[in-house]
Amino acid sequence: MSDPSGPAAAPAERELERQEVGIPGFDVVAGGGLPRGRTTLVAGTSGAGKTLFGLQFLTAGARRFGQTGALVTFEERPEDLFANVESLGWNLRGLVKAGRLAVVDATPGDEMVESGRYDFEALAARIRHAVEKVAAERLFIDALDAVFAEFADAGHVRHELARVVRSLRALAVTTLISVERTEEYGPVARRGVEEFVADGVVILRNALDKGNRRRTLEVLKLRGGQHRKGQYPYVIDPRGGVEVVPVSVIEAEGPASCERISLGNEGLDQMTAGGIFRDSLVLVSGATGTGKSLMAAQFVQAGLAAGERAILFCFEENPAQVVRNAASWGMELAAARRAERLRILARYPQRMGLEDLLVQIKRDIQDFEPRRIAVDSMTALEHGSSAFAFSEFTVGLSSLVKSAGIGAFLTSTPLALVGGEGGVSGVELSTVVDGIILLRYLELDGEIRRGVIVLKLRGVAHDRAIREYVIDGQGMRVLQPLHGVTGVLAGDAHFVGDGHLAAGSGERT
Amino acid sequence: MWRLDDRARSASTLANKPRGDEATLALRLFVADDSTSSVRARQQVERLQERFDAGGWEVQVVDVLERPDLAEEERVLATPSLVRRRPSPPRKIVGDLSDWEVLTAALGLSEARDE
């Protein structure tokens, strides 16, 4: 799990003022932002998103803070950079025209020959000129290390670049410099560049994890203040740019809700002594065929009946199948879909990492503003991702729904068909959720019966009994408690004493 | 007769027709104040003019500290930088120009033309 913020390991340094950057989630990890007026390095392998990060730094400065900026580019021509971010809705060309962004085109120009000693005073002068022209408060220098390719003496280039970087200090502009690295877990940057950018280092990693690209951001150091340690997942959202997840979705939680909402089933509502809390996460765990999807549909329908909007996220079936299945249980969802009160969103986690999925879910919720959601199933997400990524996703999802005051119903499938370890998938999931309902097959008297139990429900004096339930054309019906049965959770249901229950006997009184 | 000053193109320069077998050369030397390498580069350009220029050259010296906009225009990173603007294609020689052979070769000047 990501580190909680704590005292920095370094001895206390004089606190430097921080410049809030405006990249979602980053400022939290960075302990407030970048050191104001100082230089921070952002290093990453090719494709990690360093250039995007820097351009977002400039764009956010203009949009959110009304600050002007300067851009120095060594590798890509300015026109190419502008074009690359157009699809994000960032109009850098417009900023230039409006005099809010100055650009230094430091890309290689004419054919060049070396003859004797040189320095980079011209570069320094051009940067100063650009900064002064628009009174820039933010400066982004992209691909500084590209200049090494143009000159023969790397040692001399490093020495002279260091002088330029030091001279920028006099400008007192919050500066971000991007450089390339060749290894995800090797030296900070190529050519030892990190040695002369002393005030801060941010590393963007783009490693392969189980066949998926997993992007993480690490604040290695930021002078003059605290910052969070460790690696944080980030995504490159095609609509928003870089977003550090799940930090970006974790917001201060308000007071917990005392309002109860129906699970959509009379029997279950009674077992939970009135339904679940408005902003809680409830997990139902059961083998295939036990009725998890049915419960998810019930939950959603309860919301619709109460006049609320709902989203059902499906990761295993397509929307048409979901509607058809619900109809077979006596629930009609098609009309609500047409009336845009219900959205059934099929997402394909195999195609995107869990961080991207979380951001997508955040957008889906922001766009539709449901009051409750269902996720069928969490197990589909667990497959094909690392335990760490799944845990992060779960935490992020929990924070997302709680901060929005949304009730969430999640389904998951344990490994065994009958009984099983009695647990749910993953330690983290069971600790994150507020309630757990188990659906289990029970083999009794040569028959397969079904049992439901509310294993946990925070803040509620819930039913402790294992009740039998059946599923038919009217949906799920919860019946009498299964007395005289033991060992359900241990996977070995059997009667004790000489008690005996006929199949389906007794309606709930 | 040579001159090494900031000067805009003037009628008198154009009026001095170049020697028949000498290419017209337009040079811009970017320097940074009077750093050691800047002074050296200026000296080398003066030497070039002594040796090769019969009045057909156009030489400008630009101090990047005073005219960073011109440095931006020519995309000059290092100082000194000697930019050969004419004849095409444009060429850049970076450094104090201390290597005479490299300098003359890069500018397409042959010692054989030396008087």
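Each remark here, short or long, concerns the structure printed above.
Residues numbered from 1 in each chain as written. Chains lettered and ligands numbered in written order. Predicted model: local features only at pLDDT ≥ 70, side-chain atom pairs only at ≥ 80, totals over all residues. Heavy atoms only, no water.

Visitor: Would you explain the environment of Gly286 of chain A in this entry?
Guide: Residues and elements named next belong to chain A. Residue position: Gly286 is located in strand β15 (residues 281-286). Residue Gly286 is classed as buried on the basis of its relative accessible area of 0%. Spatially, the C-alpha atom of Gly286 lies 8.6 Å from that of Ile437, the residues being 151 residues apart in sequence. With residues up to four places along the chain from it excluded, the contact list for Gly286 reads Lys292, Ser412, Thr413, Pro414, Leu439 and Arg440. (Helix = DSSP H or I, 4+ residues; strand = E, 2+ residues; numbered from the N terminus. Buried < 20%, exposed > 50% of the residue type's maximum accessible area, 1.4 Å probe, protein only. Contact = heavy atoms within 4.5 Å.)

Visitor: In this structure, what is going on with unusual backbone geometry? I would like to understand it.
Guide: Note on backbone geometry: most residues besides glycine have negative phi, and most peptide bonds are trans. Here the bond from Asp376 of chain A into Ser377 of chain A is cis, since omega is 5°, no more than 30 degrees from zero. Position of Ser377 of chain A among the secondary structure elements: in the loop between β18 (372-376) and α12 (378-382). In the segment running from Arg86 of chain B into Pro87 of chain B, the intervening peptide bond is cis, with an omega of 0°. Tracing the backbone through its elements, the reader meets Pro87 of chain B in the loop between β3 (81-86) and β4 (91-94). Positioned with a positive phi, Ala143 of chain A is a non-glycine residue whose angle comes to about 60°. For Ala273 of chain A, which is not glycine, the phi torsion reads 55° and is therefore positive.

Visitor: Mind showing me how you'd approach the side chain of Thr79 of chain B here?
Guide: Counting through the fold element by element, Thr79 of chain B comes out in the loop between α3 (68-73) and β3. Take Thr79 of chain B: its relative accessible area is 0%, and that puts it in the buried class. At 2.4 Å, the side chain of Thr79 of chain B and the side chain of Asp119 of chain A are in polar contact. Aside from chain neighbours lying at most four places away, what touches Thr79 of chain B is Tyr118, Asp119, Glu121 and Ala122 of chain A together with Phe30, Val31, Ala32, Ser37 and Val64 of chain B. (Polar contact = N/O pair within 3.5 Å; in protein donor to acceptor, adjacent residues only side chain to side chain.)

Visitor: What am I meant to see in the sheet that holds β15 of chain A here?
Guide: Across a sheet, strands are paired by hydrogen bonds formed along the backbone, either parallel or antiparallel in direction. All names here are of chain A. Strands sit in the order β17-β16-β18-β19-β15-β20-β21-β22-β23 across an open sheet of 9 strands; the sheet is mixed. On the outer flanks of this sheet lie β17 (342-346) and β23 (475-481), each paired with one strand and no other. Geometrically, the sheet is characterised by an average inter-axis angle of 25° between neighbouring strands, direction not taken into account. Note that β15 and strand β19 (residues 407-412) share 5 bridges and pair parallel. Residue pairing for β19: Leu281 is matched across the bridge by Ala408. Packed onto the sheet, helix α11 (residues 354-368) meets β16 (310-314), β17 and β18 and runs at close to 155° relative to β16. Along the sheet, helix α13 (residues 387-403) makes contact with β15, β18 and β19, crossing β15 at roughly 135°. (Pairing = 2+ DSSP bridges. Axes fitted to C-alpha atoms, helices over the stretch in contact; angles between N-to-C directions.)

Visitor: Which parts of the structure should I look at to understand α13 of chain A?
Guide: In an α-helix, one turn spans 3.6 residues, which is why side chains three or four residues apart end up on the same side. Residue and element names in this part refer to chain A. Counted at 1.5 Å a residue, the expected span for α13 with its 17 residues is 24 Å, and the 24 Å between its end C-alpha atoms agrees. Burial analysis of α13 places 14 of its 17 residues in the buried class, which makes it a mostly covered element. Once α13 ends, the next one or two residues include Gly405, with phi positive near 65°. (Expected span 1.5 Å × (residues − 1).)

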